[in-house]
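# Understanding the architecture of this molecule
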Amino acid sequence: MPYFHIGLLHYMDVIHFSTKRTAIPMLSIKKTAFCLVLALLFIPGQAISQDQFTFEDVMKFEDIKTPVISADGRWVAYGVWPEIGDGEVRIRYVDDSRTHTIDRGERPQLTHDGSWAGALIQPPAVPLPDTQSDDTHPSLVLLSTATGDTIQFADVRSFSFTENGEWTLIRHYRPDDLDDAAKKNSRLGYPVTLHHLSSGTSRMIPFVHESAADSSSSLFAYSTVDTSGTINSLRVIGLSGPDEDELRLAGGDNMLYSNLTWDHDLMRFAYTSAHMDTSRNFTPGDAEIYMVDASTGDLTLLVEPDDIAAGYRLREPNRLTWTHDGNRLFFGVQDAVMVQIDETDTPEDSLTIDNLYSVERILREIEGDVWHWDDPQIKTHEKQTWNQRKNHLYTAVYHIDRDEIVQLATQTVPDVQVVHHNGKTMGYSDLPYQKLRTWDAAYRDVYLIDIQSGVHEPLLKKHRFRAQLSDGGHFTAWFDGTDWYLQNNQNGIQKNLTASIPTPFADEDNDRPRPSGSYGIAGWTDNDRSVLIYDKYDIWQFDTETGEADIVTAGTGRDRQMIFRIYDTDPEKETFSRNERLLLTMYHDRDKHYGFYEARVGNEGVSALLENQKRYRIIEKASGSNAILFTQESYTEYPNLWVSGNLMFRNPRQVTDLHSDLTERFAWGRAELVEWLNMDGRPVQGVLIYPGYYEEGKRYPVFIYYYERFSQRLYEFNKPVTNHRPNFAQYTSDGYAVFLPDIWFDVPIPGYSATKNLVPGVHKLVEMGVADPDAIGLHGHSWSGYLTAQVITQTDIFAAAVAGAPVGNMTSAYSGIRWGSGLARQFQYEQTQSRLGVSMWENLSPYIENSPVFFADRINTPIMIQHGDADEAVPWYQSIELYLALRRLGKESVFLQYHDEPHHLRKMANRLDYAIKMKEYMDHYLKGDPAPAWIREGVPYRGE
């Protein structure tokens, strides 16, 4: 008997519910099926309780989008949009009720003082009668928050305000008559409008290829590429007022000026210059790098093609970075062999009597690939990464003071970190281990690289985890799967920071067959004096010279099962100061609520700032004040926006009030934390959401939705949206309980692990008097879609199951392809989520034992399978295998195949159809509602 099926037999004797059912044929979905279902669902005169949350309610449900806060913390702007239909942008003054709206606005922005707001205006959901069919470009509305006056601009791709809030930079779409020109020259510029807010004047600049304003908002640099190529230029406009003159810095026929990068402290910028070859679709040739003194307009040539090391080429696609002190400029070069590939033309031979039998001519039309056993990457992954590898930038640095280039990255160490000190940086190479990525993990060799000389010093071989360089470059810290190590980069002395500390620093909850990772580095202190490192709960501070450790959070986290993490209130500040106040987020690992605390660098202890039976999320700290924009939510409380005017969260003000009457309008239900013991006696938690009109003593159908761990969602608001996930309120308002259980896994029995957590969890709900034992439904997607299919081979406790994008056969899925990344799936089974821990040739048994198709004869639960046939993660033939097994065995099943859909359905009609069918499926098997025709009879194919 299979080894993990034995342990379940006794429990199945205790809880065993089954009903004999008949099989139904496979269904083929037609485009008209969606309309038919909708017509049945919304029959005129059909009574729908006022308290039931319907599919229409989901589509109308308004949600806050892309909220922002002004730099001074006084204004907040955000979008309010339903899933289908028109929305708006609202601009709210924090200290009172002043509010402005911009109809159909989205992605709002605010000037630093909130005096102006802007939003892109989308076309109406239902086109107006006089709207042209091709009039689909967004427009821009700018709104004065002082007066409410607005200004509108047409055909806008994007916009931004300058740092000082005096100008708006508006990037337009090209006119339609330039489409053909853009196909020939992809770098053809776009119209840009510079709008001066206080005066209301605008300046339109045609054919802008790139642009950038300096941080002081004094100057605006831009380059142009026009249709003729004769007036391509690089220019600068002063931003002191609306009538400033512009200065032409450079120009020439078919020249391309790109990568405009300001050194904001010294009022200069760097750029690349290259000539475009008109005979090769305006492809740029080798580039030069110039520096512009913005105060004088003087140009200095820094790097030219002949300066580049042999084997590399300086090209226009680039990434320029000034160091903070302005003494160095990082840039990238490309592999000369890869550049040559783009420069090589394929001959186009016309067929003649002379070459009719030419083998060379015929073989030019080969369409195929050679898969070699020793390729570093399999062909699918090689293709997916081709452009990234071909265009890879190998980092180099130009030293301004000594006019010297140092090549840092090489073909053998291709990745190098950009740093702002002048000592050593870090380089990485995964090249020796790319083959292992197929079935094992991503490994890298780590090097220290001298910025002055480019000399490489090996540090770590075949390293699996992240290594981190200190801000000053004096130290490197890394994790080895158990402990944290620190090296002094000046003398090479290494020390184990955590060996003598009994507290674990590896992931304590890792249940995958791979070495445990760490919880990460929180940051470094000034002058590299210490490094802050997380364990599961607390924050530790290690002295880099002595290795001595202090617990910044004083062990409060572990003592009270509270997970503390630092929220960075100043992203531009790269290190923490001595005695600096730290804002901490807190999550209670046992009770599941959230809060904010404070601590100090170099001290021990925490103080509570805000803590409730809620979930809190920080959206943004205002860049010019201590104001913080955050949300507060629970299962019954929509995450509205709040603003605290200080980092102490004293007297926060609620600035939005969406859905405050939610529980009054709908039978939303309430959430509760439930605990039980799994079949191994291990404590397990989950979230039980009661039916909206729950009556104690009455039993209800239960909809189970799960993945791995979901108990952390106790205080999370379930935002209604139409997709592959259930909307909890649709079920609770219709008399269901919803259950979100945690699953803890053992290797190599992932399916049985789910069973031994789920079944006792169901038993707990039955014991509580909530669950109707004959009406338990199970739903999972992707990984939990597989678990669902496997679990029902081991128990008949479920009345119905829905498995989205499941693996049906691990023996065939093991050597399948994840088409999105091109990676083989072997690593998933040997190292990660599928949790088998061995290859098929080391031990075939777990591959068979964990495959639903081999035990499909034991399935007595009706199951609905869903898969998109363009799934980029789980090959959709996995669902075919499962369906065909069930069909052959006469098992009651339905397979929903959605055409040209990925792992998560995208098309609205398909998403809605699946959501409706899932609800109908559960309603039939859990509540006894009449089965729709698609369940009874399927849907015959009737042509396209």
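Quick caveat: nothing in here was measured; it's all calculated off a predicted structure.

What counts as what
Residues numbered from 1 in each chain as written. Predicted model: local features only at pLDDT ≥ 70, side-chain atom pairs only at ≥ 80, totals over all residues. Heavy atoms only, no water. Helix = DSSP H or I, 4+ residues; strand = E, 2+ residues; numbered from the N terminus. Rg over C-alpha atoms; globule rule 2.2 N^0.38 Å. Contact = heavy atoms within 4.5 Å. Areas by Shrake-Rupley, 256 points an atom, 1.4 Å probe, with all protein chains shown as cover. Lys, Arg positive; Asp, Glu negative; His and termini not counted. Charge placed at Lys NZ, Arg CZ, Asp CG, Glu CD. Pairing = 2+ DSSP bridges. Axes fitted to C-alpha atoms, helices over the stretch in contact; angles between N-to-C directions. Salt bridge = Lys/Arg side-chain N within 4 Å of Asp/Glu carboxyl O. Buried < 20%, exposed > 50% of the residue type's maximum accessible area, 1.4 Å probe, protein only. 1 Å grid on protein atoms, 1.4 Å probe; cavity = no way out; pocket = protein on both sides within 12 Å on 5 of 7 lines; lining within 4 Å. Points joined across faces, edges and corners; volume = space filled by probe spheres on them. Domains from an automatic or database assignment. Nonpolar A, V, L, I, M, F, W, Y, C, P; charged D, E, K, R; others polar. Parallel < 35°, antiparallel > 145°, perpendicular 65-115°, else oblique. UniProt positions renumbered as here; feature names shortened; annotations may be inferred. Patch = residues over 30% accessible without salt bridge, like charges linked within 9 Å, V, L, I, M, F, W, Y side chains within 5 Å. Phe/Tyr/Trp six-rings, centres within 6.5 Å; stacked < 30°, edge-to-face > 60°. Lys NZ or Arg CZ within 6 Å of the ring centre and 35° of its normal. pLDDT = per-residue confidence, 0-100. Expected span 1.5 Å × (residues − 1). Arc of directions from axis to C-beta.

## Let's talk about the overall build of the chain
In terms of helices and strands, the chain carries 20 helices and 54 strands. Against the globule reference of 30 Å for 944 residues, the chain gives a C-alpha radius of gyration of 31 Å, in line with a compact fold. Seen along its three principal axes, the alpha-carbon backbone of the chain occupies a region of about 85 × 80 × 70 Å. The long-range fraction of contacts in the chain, counting pairs at least 24 apart against all pairs at least 6 apart in sequence, stands at 56%. As displayed, the chain offers around 41,100 Å² of accessible surface, 48% of which is attributable to carbon and sulfur atoms. The average position of the 88 basic charges and that of the 132 acidic charges among the side chains of the chain differ by 5 Å.

## Details of the sheet that holds strand 39 (residues 594-600)
The strand order 37-38-39-40 describes an open sheet built from four strands, whose pairing is antiparallel. Strands at the two margins of the open sheet, each flanked by one partner only, are strand 37 (562-567) and strand 40 (607-612). Averaged over all neighbouring strand pairs, the angle between strand axes comes to 25 degrees, with direction disregarded. Bridging between strand 37 and strand 38 (residues 581-588) involves six bridges; their strand directions are antiparallel. By the bridge assignment, Ile 566 is partnered in strand 38 with Leu 584.

## With respect to the pattern of salt bridges
Applying the stated criterion across every chain, the model contains 51 salt bridges. Across the pair Arg 835 and Glu 708 runs a salt bridge, and its minimum N-O distance is 3.1 Å. Residue Arg 835 is located in the loop between helix 16 (826-830) and helix 17 (845-849), and its partner Glu 708 is located in the loop between strand 47 (700-705) and helix 12 (728-732); the two are separated by 127 residues in the primary sequence. Accessibility classification places Arg 835 together with Glu 708 in one group, the buried group. Through salt bridges with shared partners, a single ionic network connects Asp 511, Arg 512, Glu 708, Arg 709 and Arg 835.

## Overview of the layout of surface pockets
For the largest pocket, the calculated volume is near 1,000 Å³. Forming the walls of the largest pocket are 35 residues, and the residues nearest its centre are Ala 71, Glu 163, Ser 215, Glu 572 and Ser 623. Going through the elements one at a time, strand 1 (63-69), strand 5 (105-110), strand 9 (156-161), strand 10 (167-172), strand 16 (255-263) and strand 41 (615-621) are the ones with two or more residues in the lining of the largest pocket. Two domains each donate at least three residues to the lining of the largest pocket, and these are domain 1 (160-303) and domain 2 (420-654). Each pocket or cavity is described by its volume, and for the second largest pocket that value is around 730 Å³. Lining the second largest pocket we find 28 residues, and of these Gln 377, Arg 389, Asp 430, Leu 431 and Gln 434 sit closest to its centre. Of all the secondary-structure elements, those providing two or more residues to the lining of the second largest pocket are helix 8 (379-384), helix 9 (386-390) and strand 52 (823-824). Along the lines of polarity and charge, the residues of the lining of the second largest pocket split into twelve nonpolar, eight polar and eight charged.

## Examining empty space enclosed by the protein
What the rule picks out here adds up to two cavities of 30 Å³ or more. Considered as a void within the structure, the largest cavity measures approximately 60 Å³ in volume. Lining the largest cavity we find Phe 55, Asn 723, Arg 725, Pro 726, Asn 727, Gln 730, Tyr 731, Ala 915, Met 918 and Lys 919. Every element with two or more residues in the lining of the largest cavity is listed here: helix 12 and helix 19 (908-927). Here the lining of the largest cavity gets three residues from one element, more than from any other, and that element is helix 19. Looking at the lining of the largest cavity, its residues break down into five nonpolar, three polar and two charged. A volume near 40 Å³ is recorded for the second largest cavity. Residue lining of the second largest cavity: Tyr 635, Ala 671, Val 687, Ile 689, Arg 713, Leu 714, Glu 716, Phe 717, Asn 718, Phe 728 and Leu 740, and that is the complete set. Grouping the constituent residues of the lining of the second largest cavity by class yields eight nonpolar, one polar and two charged.

## Side note on the packing of helix 13 (residues 750-767) against helix 14 (residues 783-791)
Two elements in contact, helix 13 and helix 14, have axes whose closest approach is 9 Å; the angle formed by their N-to-C orientations is 75 degrees. When the axis of helix 13 is compared with that of helix 14, the two are roughly perpendicular. Contacts between helix 13 and helix 14 pair Pro 750, Gly 751, Ala 754, Thr 755 and Leu 758 from the former with Trp 783, Tyr 786, Leu 787, Gln 790 and Val 791 from the latter. Here the contact of helix 13 with helix 14 is built from residues that sort into seven nonpolar, three polar and no charged.

## Some points on the UniProt feature "domain: Peptidase S9 prolyl oligopeptidase catalytic" (unreviewed entry) in the chain
In the UniProt entry, the feature "domain: Peptidase S9 prolyl oligopeptidase catalytic" (unreviewed entry) is given for residues 756-928. A distance of 28 Å separates the end C-alpha atoms of residues 756-928, which is 39% helix and 18% strand.

## What about the sheet that holds strand 15 (residues 246-251)?
One open sheet accounts for seven strands, arranged 9-10-11-12-13-14-15; its pairing is antiparallel. Taken across any chain shown, the strands that pair with only one partner, and hence form the sheet edges, are strand 9 and strand 15. Each neighbouring strand pair of the sheet contributes to a mean axis angle of 40 degrees, computed without reference to strand direction. Two elements, strand 11 (residues 190-196) and strand 12 (residues 202-213), share five bridges in a ladder whose sense is antiparallel. Among the inter-strand pairings, Val 192 is bridged to a residue of strand 12, identified as Ile 205.

## Section: the domain arrangement of the chain
On domain assignment, one finds that the chain holds domain 1 (160-303), domain 2 (420-654) and domain 3 (666-929). Once you take the C-alpha centre of each, domain 1 and domain 2 turn out to be 39 Å apart.

## Structural notes on a negative patch on the surface
On the surface, Asp 155, Asp 176, Asp 177, Asp 179 and Asp 180 cluster together into a negatively charged patch. For Asp 180, the position within the fold is in helix 5 (residues 179-184).

## With respect to the environment of Val 156
Take Val 156: it is sitting in strand 9. Residue classification places Val 156 among the buried residues on the basis of a relative accessible area of 0%. C-alpha of Val 156 to C-alpha of Val 552: the two residues are 396 residues apart in sequence and 49 Å apart in space. Leave out the neighbours within four places in its chain, and Val 156 touches Leu 120, Pro 138, Ser 139, Leu 140, Ile 170, Arg 171, His 172 and Tyr 173.

## Structural notes on the packing of aromatic side chains
Tallied over the full model, the rule gives 49 aromatic pairs. The interplanar angle of 65 degrees and the centroid separation of 6.2 Å between the aromatic rings of Tyr 433 and Tyr 443 together place this pair among those described as edge-to-face. Taken together, the positions of Tyr 433 in the loop between strand 26 (424-429) and strand 27 (444-450) and Tyr 443 in the loop between strand 26 and strand 27 put the pair ten residues apart, joining distant regions of the chain. Across the pair, Tyr 443 and Tyr 433 agree in class, each one buried. Among the aromatic residues, ring-to-ring pairing joins Phe 53, Phe 61, Tyr 638, Phe 666, Trp 668 and Phe 717 into one connected group. Note that Arg 670 overlies the ring of Tyr 690, its terminal NZ or CZ placed 4.0 Å from the centroid.

## A closer look at the confidence of the model for the chain
Mean pLDDT over the chain works out to 93, with 94% of the residues at or above the 70 mark. Taken as a whole, residues 1-50 scores under 50 in pLDDT and shows 103 contacts with residues more than four places along the chain or in a different chain.

## Thoughts on the pairing of strand 16
With nine of nine residues buried, strand 16 is to be regarded as a mostly interior element. Judged from the seven bridges that link them, strand 16 and strand 17 (residues 268-277) form a sheet pairing that is antiparallel. Note on strand 17: the bridge partner recorded for Tyr 257 is Ser 273. In textbook terms, the turn of a hairpin is the stretch between consecutive antiparallel strands, and for strand 16 and strand 17 this stretch comprises four residues, one of which, Met 267, has a positive phi near 55 degrees.

## Let's talk about unusual backbone geometry
Residue Val 747 is joined to Pro 748 through a cis peptide bond whose omega torsion reads 5 degrees. Relative to the helices and strands, Pro 748 is located in the loop between strand 48 (737-741) and helix 13. Not every positive phi belongs to a glycine, and Asn 651 is a case in point at roughly 50 degrees. Within the secondary structure, Asn 651 sits in the loop between strand 43 (637-644) and strand 44 (653-654). By relative accessible area, which is 76% here, Asn 651 ends up exposed. Of note in this structure, Arg 835 is not a glycine but carries a positive phi near 60 degrees.

## Focus on helix 18 (residues 877-889)
In an α-helix, one turn spans 3.6 residues; hence positions three or four apart end up facing the same way. For helix 18, with 13 residues, the first-to-last C-alpha span of 18 Å sits near the 18 Å given by 1.5 Å per residue. Turning to helix 18, its buried residues are Gln 878, Ser 879, Leu 882, Tyr 883, Ala 885 and Leu 886. With its buried residues spanning 160 degrees around the axis, helix 18 presents them on a single face. Opposite the buried face of helix 18, by more than 90 degrees, sit the exposed residues Arg 887 and Arg 888. Against the buried residues of helix 18 lie helix 14, helix 15 (810-813), strand 53 (863-868) and strand 54 (893-898). Gly 890 occupies a position one or two residues after helix 18 and carries a positive phi of about 70 degrees.

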